[in-house]
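Chain residues, written in single-letter form:
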Amino acid sequence: MSKLVFINLPVADLPRATAFYEAVGARKNPQFSDHTGSCLVFSNTIHAMLLTHEKFRQFTTKEIADAHRSAEVLICISADSRADVDAVVEKARRAGGAPDPTPTQDFGFMYGRSFEDPDGHIWEIMWMDAEAASKACQPEGATQ
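This one's a predicted model, so the numbers in the text were calculated from it and none came from an experiment.

Procedures and definitions
- Residues numbered from 1 in each chain as written.
- Predicted model: local features only at pLDDT ≥ 70, side-chain atom pairs only at ≥ 80, totals over all residues.
- Heavy atoms only, no water.
- Pairing = 2+ DSSP bridges.
- Helix = DSSP H or I, 4+ residues; strand = E, 2+ residues; numbered from the N terminus.
- Axes fitted to C-alpha atoms, helices over the stretch in contact; angles between N-to-C directions.
- Buried < 20%, exposed > 50% of the residue type's maximum accessible area, 1.4 Å probe, protein only.

1. Re the sheet that holds strand 4 (residues 46–52)
Strand pairing within a sheet occurs via backbone hydrogen bonds; the two strands may be parallel or antiparallel.
Consideration 1: As summarised here, the arrangement of the four strands in space is 1-4-3-2, forming an open sheet in which the pairing is mixed. Of all strands in the sheet, those bounded by a partner on one side alone are strand 1 (5–11) and strand 2 (27–34). Taking each pair of neighbouring strands and ignoring which way they run, the sheet shows an average axis angle of 25 degrees.

2. So, the pairing of strand 9 (residues 122–128)
Consideration 1: Counting buried residues in strand 9 gives five out of seven residues, a clear majority hidden from the surface.
Consideration 2: As judged from the five bridges shared by strand 5 (residues 74–78) and strand 9, these two strands associate in the parallel manner. Counterpart to isoleucine 75 in the pairing with strand 9 is tryptophan 123.
Consideration 3: Alignment of strand 8 (residues 110–116) against strand 9, held across seven bridges, turns out to be antiparallel. From the neighbouring strand, methionine 110 faces strand 9, where its bridge partner is methionine 128.
Consideration 4: Connecting strand 8 to the next strand, strand 9, in antiparallel fashion are five residues, including glycine 120 with a positive phi near 95 degrees.

What follows is the structure, encoded as structure tokens:
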């Protein structure tokens, strides 16, 4: 059985955050959503749980980080192509996110960009040619 990933993010404005992630391409799962949280589905195995600050505080006694001022985590999700990387970042920009808060990475076999959501959470979008990456990471003189 595949493992499921649930990324829990505190958000200041749940309807705004939900609309942002839907604009980026996630699908809201109403079965696990209410006035305190939205479950956004990126794939069969990757979900983001957007939680109001009050709801998020039920899961931790730690202070909620202000992601606009400090880095809490860098979330990376794969894309099917270089063009898809650019398309997702552009969707995020049009939906009110900040494009490229981290440096663009272009190694030929791997390409990545990022966006910041309205709450300051940073998402990296990455494409990689696995075969080319494998060759690029081999020690010099090694054969397969």
